[in-house]
Amino acid sequence: MTALDLAPYRGSAETLLVGSLLLDVVMLGCTYVLTRRSVGRALRPVRTMTDQAAQWSAVGSDERFGTADHPAELARLGASLDALLDRIRTVLRHERQLTGELSHELRTPLTRIVMELDWWRARPRTDAETSAAQETIAEAARTMRTICDTLLDDARENALNPATAPGTTDVVPVLDGLLRRIGTPERVRTALETPTPVLEAGVAPALLERILDPLLANAVRYARSRVTVSAWRVPGAVRIDVVDDGPGVPETFGDELFQPGRRADPGDGHDGAGLGLPLARRLARAVGGEVSHDPGHRTGARFTVSLPSG
């Protein structure tokens, strides 16, 4: 009978088991490192796009990712982020517009209240005068409440129903319609020049008409033979030039041009109260745009409207 010592076999089995465990740990570690690096490299464009979207949304930028030169997954992500950025920019634009409108519309009734209080405190008043002052103040307060309710209700409706929010307007049809309805004299010819048939501005159609109507009316009123309207896109905005070949704006009147109730020549035979240009500028500024006059334009007058792009 022969006895066999199994201790060496047991030692070899234990060594093999420990080696296998160590190899498994090394393989798992390598797999984890490689997977982490691969996933990190694959998600790096997503992190970059996320950071860019956060930066653009903070300032309402018109920069967008687009879908070109991106893999299908990143293209879909870019399209989703672009839609979100468009919504954020629209909300910011509406917020600025609401703030501007509230500031302007509340100024008049608030001024009436302050004036009535100053007038009432200036010297003793009769009961009738005091009652009249109180009624004026109450009416101004009711006006302020109506203004606030109207503007806030409109803003709330736009927020709840973004599909109807006045975010963008195609400028070309609005200009064409205004030129057709403006009532041009027979001696004056109008022309609309635009490099593209579709040109979107970030304002409501009615507001765009209210901004442009005074400019076109003045151009047609003072033009000798021609009014030219040009519209094109510039970085982040839409620019509209209204040019006529009339006498132009006197140099001495340039500083008063956009002041309410001011006219260069009240006796020129033309109707007007001097309120159109100030209103156009106020409305444009309320949506982040501008209306300006070019004093360097010598042949007639040139007014420029700049509005945020749609």
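The present account deals with the structure reproduced in this document. (Residues numbered from 1 in each chain as written. Predicted model: local features only at pLDDT ≥ 70, side-chain atom pairs only at ≥ 80, totals over all residues. Heavy atoms only, no water.)

1. A short note on the overall build of the chain
Thinking step 1. Across its full length, the chain holds six helices and seven strands.
Thinking step 2. Along the chain, helices and strands appear, N-terminal first, in the series α-α-α-β-α-β-β-α-β-β-α-β-β.
Thinking step 3. Residue pairs at least 24 apart in sequence account for 67% of intrachain contacts in the chain once pairs closer than 6 positions are excluded.
Thinking step 4. Surface accessibility of the chain: about 19,300 Å² in total, with carbon and sulfur atoms responsible for 57%. (Helix = DSSP H or I, 4+ residues; strand = E, 2+ residues; numbered from the N terminus. Contact = heavy atoms within 4.5 Å. Areas by Shrake-Rupley, 256 points an atom, 1.4 Å probe, with all protein chains shown as cover.)

2. Here we look at the nonpolar core
Thinking step 1. V171, L208, I211, I240, V291, V305 and L307 are the most contacted members of the largest nonpolar core, which totals 39 residues.
Thinking step 2. Looking at this core, the elements that each hand over two or more residues are α4 (171–181), α5 (205–222), β4 (226–234), β5 (237–244), α6 (276–286) and β7 (301–308).
Thinking step 3. If one sorts the elements of this core by residue count, α5 sits on top with eight residues.
Thinking step 4. With sequence-adjacent residues up to four places away left out, I211 is seen in contact with A280, L283, A284, V291, V305 and L307.
Thinking step 5. Counting seven residues, the second largest nonpolar core, distinct from the first, contains A53, W56, L74 and L85. (Core = buried A, V, L, I, M, F, W, Y, C linked by side-chain atoms within 4.5 Å. Buried < 20%, exposed > 50% of the residue type's maximum accessible area, 1.4 Å probe, protein only.)

3. Some words on the pairing of β7
Thinking step 1. Of all eight residues in β7, six are buried, a share of seventy percent or more.
Thinking step 2. Across four bridges, the pairing between strand β6 (residues 290–293) and β7 is antiparallel. Bridge pairing in β7 places H293 opposite F303. (Pairing = 2+ DSSP bridges.)

4. Some remarks on the pattern of salt bridges
Thinking step 1. Under the definition given, this model contains eight salt bridges.
Thinking step 2. For R281, the salt bridge goes to E290, with nearest N and O atoms at 3.4 Å.
Thinking step 3. Notably, a salt bridge pairs E290 with R285, separated by 3.1 Å at the nearest N-O pair.
Thinking step 4. The class of E290 is partly exposed, set by a relative accessible area of 26%.
Thinking step 5. Given a relative accessible area of 47%, R285 falls into the partly exposed group. (Salt bridge = Lys/Arg side-chain N within 4 Å of Asp/Glu carboxyl O.)

5. Quick look at the side chain of D245
Thinking step 1. Along the chain, D245 turns up in the loop between β5 and α6.
Thinking step 2. Buried charge without a partner: D245 forms no salt bridge, and the closest opposite charge is R224, 6.1 Å away.
Thinking step 3. A distance of 2.9 Å separates a polar atom in the side chain of D245 from the backbone nitrogen of R224.
Thinking step 4. Separated by 2.5 Å, the side chains of D245 and S225 make a polar contact.
Thinking step 5. Beyond its immediate stretch of four places on either side in the chain, D245 contacts A223, R224, S225, R226, T299 and G300. (Lys, Arg positive; Asp, Glu negative; His and termini not counted. Polar contact = N/O pair within 3.5 Å; in protein donor to acceptor, adjacent residues only side chain to side chain.)

6. Some words on α6
Thinking step 1. Of all the 11 residues making up α6, eight are buried; the element is thus mostly covered by neighbouring parts of the structure.
Thinking step 2. Of the positions making up α6, those classed as buried are L277, P278, A280, R281, R282, L283, A284 and A286.
Thinking step 3. G288 occupies a position one or two residues after α6 and carries a positive phi of about 85°.

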